[in-house]
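What follows is each chain in one-letter form.
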Amino acid sequence: MKQFLLSLVVLLSLLSSTSFARDATHINNAFGSARLQGAGKLTWWGLDVYDATLYRAGNLNSPEFALDLRYQKSFTGISIANRTTEEMKKLGIPDMQAVLWGKELASFLPNVESGQALTAIYTPKQGTLFYFDGKQIAQVRGADFSKAFFSIWLDPKTSAPKLRSELLGQNCPPPLISEGC
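Just so we're clear, the structure is a prediction, and the values are computed from it rather than from any experiment.

Asks: I'd like to hear about the overall build of the protein chain, residue by residue, with values.
Replies: Along the backbone of the protein chain there are six helices and six strands. Walking the protein chain from its N terminus toward its C terminus, one meets helices and strands in the order α-α-β-β-β-α-α-β-β-β-α-α. Of all 181 residues assigned to the protein chain, the portion counted as buried reaches 42%. Here the contacts in the protein chain between residues at least 6 apart in sequence split such that 54% fall between residues at least 24 apart.

See below:
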């Protein structure tokens, strides 16, 4: 019995330590190869909202990166877009611009169920590519949108500082977010 419990504990710890790591084929395809920078969980009032994973292209100094969000709760695409708009405003994006970007996001963000993932990949030449469960659903060009969007998680003024810390680890944010450490 002791051996069984020990085996179960080991198995559960392995599963929990890899819960953030998942198939990142679409991210590798965008970069050639992706490197995990960090992972964390967004919890709100004790409820797990999503697991977040930050990847960098090739090395941790690359300007290209991806943020993968695996949801633990169900949300409509419109509610995700609205929350994104509110977070952008909190970071100082002018209301009118945040609302315009929120409308654009609402036009393509799908409803998500627990276990499904949304991924945003930034490359300087393409802007932000959005994926739903590994399939591309949209592209938003321009560094201004990309900076506002990814700052929700990576800016020092984020509303989720613990998650930011987990995503960045001991490394710097991507150059899009911060020119220096």
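Let's pick the thread back up.
Asks: I'd like to hear about the sheet that holds strand β2 (residues 47-57), residue by residue, with values.
Replies: Ordered in space as β1-β2-β3-β4-β5-β6, the six strands form an open sheet in which the pairing is antiparallel. A single partner strand is all that each edge strand has here, and the edge strands are β1 (34-44) and β6 (135-140). The sheet shows a mean angle of 20° between the axes of neighbouring strands, taken without regard to direction. Across six bridges, strand β3 (residues 65-71) lies against strand β4 (residues 117-123) in antiparallel orientation. Residue F65 lies in a different strand from β4, and its bridge partner there is Y122. With respect to the sheet, helix α6 (residues 161-168) is in contact with β1, β2 and β3, its orientation differing from that of β1 by roughly 160°.

The rules behind these values
- Numbers given to residues run from 1 along each chain, matching the order in which its sequence is written.
- Local features in this predicted model are restricted to residues of pLDDT 70 or higher, and side-chain atom pairs are both shown and tallied only at a pLDDT of 80 or more, whereas totals for entire chains, interfaces and linings draw on every residue.
- Water and hydrogen atoms play no part in the side-chain values, which are based on all heavy atoms of the structure.
- Starting at the N terminus, helices and strands are each numbered in turn, a helix being any DSSP run of H or I of at least four residues and a strand any DSSP run of E of at least two.
- For every residue, the accessible area obtained with a 1.4 Å probe (protein chains only) is divided by the maximum for its type, and the residue is called buried under 20%, exposed over 50%, and partly exposed between those limits.
- Two residues form a contact once any of their heavy atoms are found within 4.5 Å.
- Two strands are counted as paired when DSSP detects at least two bridges linking them.
- The convention used is that axes are lines fitted to C-alpha atoms, helices contributing only their stretch in contact, and that angles between N-to-C directions extend from 0 to 180 degrees.

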